[in-house]
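Reading the structure
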Amino acid sequence: AQSVTQLDSQVPVFEEAPVELRCNYSSSVSVYLFWYVQYPNQGLQLLLKYLSGSTLVKGINGFEAEFNKSQTSFHLRKPSVHISDTAEYFCAVSGISGGYQKVTFGTGTKLQVIP
Amino acid sequence: GAGVSQTPSNKVTEKGKYVELRCDPISGHTALYWYRQSLGQGPEFLIYFQGTGAADDSGLPNDRFFAVRPEGSVSTLKIQRTERGDSAVYLCASSLQGLGDEQYFGPGTRLTVT
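Residues numbered from 1 in each chain as written. Chains lettered and ligands numbered in written order. Predicted model: local features only at pLDDT ≥ 70, side-chain atom pairs only at ≥ 80, totals over all residues. Heavy atoms only, no water.

Quantified by volume, the largest pocket comes out at close to 730 Å³. Around the largest pocket sit 31 residues that line it, and Gln-38 and Glu-88 of chain A together with Gln-37, Leu-39 and Arg-110 of chain B are the ones nearest its centre. By residue number, the principal contributor to the lining of the largest pocket is strand S11 (residues 109–113) of chain B, which donates 4 residues. Taken as a whole, the second largest pocket encloses approximately 170 Å³ of empty space. A class-by-class count of the residues in the lining of the second largest pocket yields 4 nonpolar, 5 polar and 1 charged. (1 Å grid on protein atoms, 1.4 Å probe; cavity = no way out; pocket = protein on both sides within 12 Å on 5 of 7 lines; lining within 4 Å. Points joined across faces, edges and corners; volume = space filled by probe spheres on them. Helix = DSSP H or I, 4+ residues; strand = E, 2+ residues; numbered from the N terminus. Nonpolar A, V, L, I, M, F, W, Y, C, P; charged D, E, K, R; others polar.)

Proteins that are soluble and globular tend to have nonpolar side chains buried together. Leu-33, Trp-35, Leu-47, Leu-48, Phe-74, Leu-76 and Tyr-89 of chain A are the most contacted members of the largest nonpolar core, which has 28 residues in total. Taken together, the elements giving at least two residues each to this core come down to strand S2 (10–14), strand S3 (19–21), strand S5 (31–38), strand S6 (44–50), strand S8 (64–68), strand S9 (73–78), strand S10 (87–97) and strand S12 (109–114) of chain A. Beyond its immediate stretch of four places on either side in the chain, Tyr-89 of chain A contacts Gln-6, Leu-21, Trp-35, Tyr-36, Val-37, Leu-47, Phe-63, Leu-76, Gly-108, Thr-109 and Leu-111 of chain A. Residues Val-4, Val-19, Cys-23 and Phe-49 of chain B belong to the second largest nonpolar core, which totals 20 residues. (Core = buried A, V, L, I, M, F, W, Y, C linked by side-chain atoms within 4.5 Å. Buried < 20%, exposed > 50% of the residue type's maximum accessible area, 1.4 Å probe, protein only. Contact = heavy atoms within 4.5 Å.)

Moving on, we come to the interface of chain B and chain A. The accessible area lost on association of the parts is a frequent measure of interface size. Contacts between chain B and chain A engage 19 residues on the former and 18 residues on the latter. For the pair chain B and chain A, the two sides together bury roughly 1,700 Å², of which 57% comes from carbon and sulfur. Looking at the side of chain B facing chain A, the largest losses of area belong to Leu-99, Gly-100 and Phe-105 of chain B, adding up to 32% of the total buried there. In this assembly, chain B and chain A are joined by 0 salt bridges. The interface formed by chain B and chain A includes 2 residue pairs in polar contact (both at pLDDT 80 or more). When residues of the side of chain B that touches chain A are traced back to their parent elements, those giving at least two are strand S4 (31–37), strand S5 (44–50) and strand S6 (53–56) of chain B. The biggest single contributor to the side of chain B that touches chain A is S4 of chain B, with 3 residues. (Buried area = accessible area lost by both parts, 1.4 Å probe. Salt bridge = Lys/Arg side-chain N within 4 Å of Asp/Glu carboxyl O. Polar contact = N/O pair within 3.5 Å; in protein donor to acceptor, adjacent residues only side chain to side chain.)

Turning to the confidence of the model for chain A, a few remarks are in order. Confidence in the prediction of chain A, expressed as mean pLDDT, is 91, and 96% of residues score 70 or more. Of all helices and strands in chain A, the one with the weakest mean pLDDT is strand S11 (residues 100–105) of chain A (81), whereas S3 of chain A scores best (98). (pLDDT = per-residue confidence, 0-100.)

The next point concerns the packing of aromatic side chains. One pass over the full model with this rule turns up 12 aromatic pairs over all chains. Relative to Phe-105 of chain B, the ring of Tyr-36 of chain A has its centre 5.5 Å away and its plane inclined at 80°; by these criteria the two rings are edge-to-face. Residue Tyr-36 of chain A is found in strand S5, and its partner Phe-105 of chain B is found in strand S10 (residues 104–105); the two belong to separate chains. The two residues Tyr-36 of chain A and Phe-105 of chain B agree in class, both being buried. With a centroid separation of 6.2 Å and an interplanar angle of 75°, the aromatic rings of Tyr-35 of chain B and Phe-45 of chain B are classed as edge-to-face. Of the two residues, Tyr-35 of chain B sits in strand S4 while Phe-45 of chain B sits in strand S5, which places them 10 residues apart along the sequence. Judged on exposure class, the residue Tyr-35 of chain B and its partner Phe-45 of chain B are both buried. (Phe/Tyr/Trp six-rings, centres within 6.5 Å; stacked < 30°, edge-to-face > 60°.)

Let us look at the pairing of S2 of chain A. All names here are of chain A. Of the two faces of S2, only one is covered, namely that formed by Val-11 and Val-13; the face formed by Gln-10, Pro-12 and Phe-14 stays uncovered. Direction of pairing for S2 relative to S12: parallel, over a ladder of 5 bridges. Looking at the pairing, Val-11 lines up with Leu-111 of S12. (Pairing = 2+ DSSP bridges.)

What follows is the structure in structure tokens.
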């Protein structure tokens, strides 16, 4: 079965500090990995994705994520956060599971940037 | 260009009633997805269309839920005999081709069953 675990439901961090949002997944086959962001009162939008190739992927707004196959992780990082990064972040995996093409989202991590 | 649109934005219905939720994807996108998002949860996958056909409907919770996409564009999610537990935000997304592509999400329909 395909699943995604976001270990932290909320992450408070001071402005200009670094942040890492954790994501672990399980799947028996090759997968595509995504991070989406949902700003307050807005719809979900893509931050970055990993399909293949370089394990370090860069996204919008200075975010990056590293795919680690051995640890089945895809943690999201930013070296210096801004107030405008306050939002909810969702990790997602898509692939074949049980004969179906499935997309599975994590439960989300709320990033609260403190001035 | 126009993004994914969903109508209505809000729907309040009584328990036992039938509802239809509509999704207009981005023109040219062959893949369309329906999700359900409850408070404090991530989007829960319901169904995925490739063109007119459902490539994966394993996420539909029971046979009260049904979705169609007859012409490969607009999709309708249909819920029969609604229950209070169906209350959630129903999200629609589309992508150019399939699972490796970015999904563009609509604003959602907030369904409240009283």
